[in-house]
Each structure stands twice: as structure tokens, then as C-alpha cells.
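Letter by letter, the chains look like this.
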Amino acid sequence: MRILILVLPLFVMVSCSSAPKAEKTSNAVKDLDARYAEKVGKANKTELVEEFGTADWCEPKAGGGETCRFYKAMGLQWRGDKENRTKYQTFDEVVAEFDSQGVMREYKARSQR
């Protein structure tokens, strides 16, 4: 009984400490598309600022609209074996076009996991 009491907490600690696998890039892009496809024609720049922070850049368009890039760094990922490890930045990115009223008219989402 004593052994079970000592071994059980160790087993729980080991099983809980395993980190979840990184989300796939394709799933991350699908998630961004699911969130923003329904917002076309409804959302304004403020909604993207709430999720991503201030836009990296905005380019004015003729007629008063603008195109803005929103970028959120997620961290670093390491891939490969010990001899050939490569690091790369994981991120979510949305480049959105807004009309003269500030309403999102279209977007392009990218992600890397």
C-alpha cells in the first residue's frame, strides 16, 4: 500500500508534465478564417486591434479606405534532430482591407506553427 501511495503521485506528475503538441499551421489558418470570415462587412479595425494590438502598418487607398497588417508573434519553435535544429517564429497574421467607413471588406489570414 505504501508503494502505491509513493508511486501514484509520481505517475500523475509525469503524465501531467508532458507538453501538448504544437498546433498545425493548417488548423491555425482555419481557426483564423472561421473567426474573420463572418466579420467581413461587420467588423472594424478596433476588433482586430483588440486581438493583435496596433497594426504593424496601414496603407491608405483611393476613396478613403485602407489596408492594414496585424501580426501577433506566438513564440519560437524548434524543429529537427540535434545536429540539424532549426528555429522559426510562430505567428498569426491578418492583412485586412477597410472601406472609407472603417468596415472590413476583405482579409487574408496567414499563420505558422
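Residues numbered from 1 in each chain as written. Predicted model: local features only at pLDDT ≥ 70, side-chain atom pairs only at ≥ 80, totals over all residues. Heavy atoms only, no water.

A.B. asks: Which residues make up the sheet that holds strand β3 (residues 86–98), and what are the values?
C.D. replies: Pairing is antiparallel in the open sheet, where 4 strands are placed in the order β1-β2-β3-β4. One side of each edge strand has no neighbouring strand; the edge strands of this open sheet are β1 (57–60) and β4 (104–112). Sheet twist, expressed as the average angle between the axes of neighbouring strands with direction ignored, equals 15°. Direction of pairing for β3 relative to β4: antiparallel, over a ladder of 8 bridges. Its bridge partner being in β4, D92 is matched across the sheet by S111. Its contacts with the sheet put helix α3 (residues 45–52) on β1, β2 (66–79), β3 and β4, and the angle it makes with β2 is roughly 20°. (Pairing = 2+ DSSP bridges. Helix = DSSP H or I, 4+ residues; strand = E, 2+ residues; numbered from the N terminus. Axes fitted to C-alpha atoms, helices over the stretch in contact; angles between N-to-C directions. Contact = heavy atoms within 4.5 Å.)

A.B. asks: So what's going on with the pairing of β3? Residues and values would help.
C.D. replies: Pairing between β2 and β3: 13 bridges, direction antiparallel. Its bridge partner lying in β3, R79 is registered against T86. Count of turn residues in the β2/β3 antiparallel hairpin: 6 residues, of which G80 carries a positive phi of about 100°. Counting the residues in the hairpin turn of β3 and β4 gives 5 residues, including G102, whose phi is positive at 85°.

A.B. asks: Let's hear about the packing of aromatic side chains: which residues, and what values?
C.D. replies: All told, the structure shown has 4 aromatic pairs when counted by the stated rule. Centroid distance Y36 to Y107: 6.3 Å. Interplanar angle 55°. Geometry classified as tilted. Of this pair, Y36 sits in helix α2 (residues 25–37) while Y107 sits in strand β4; the two residues are 71 residues apart in sequence, bridging distant segments of the chain. With a relative accessible area of 21%, Y107 lands in the partly exposed category. Aromatic pair F52 and F70: ring centres 6.3 Å apart, planes at 45°, arrangement tilted. Remark: F70 occurs in strand β2 and F52 occurs in helix α3; sequence separation between them is 18 residues. In this structure F52 comes out as buried when scored by relative accessible area, which is 8%. For F70, a relative accessible area of 0% gives the class buried. Pairwise contacts between aromatic rings join Y36, F52, F70 and Y107 into one cluster. A cation sits over an aromatic face here: K72 above F52, 5.5 Å from the ring centre. (Phe/Tyr/Trp six-rings, centres within 6.5 Å; stacked < 30°, edge-to-face > 60°. Buried < 20%, exposed > 50% of the residue type's maximum accessible area, 1.4 Å probe, protein only. Lys NZ or Arg CZ within 6 Å of the ring centre and 35° of its normal.)

Geometric values such as these leave the question of function open.
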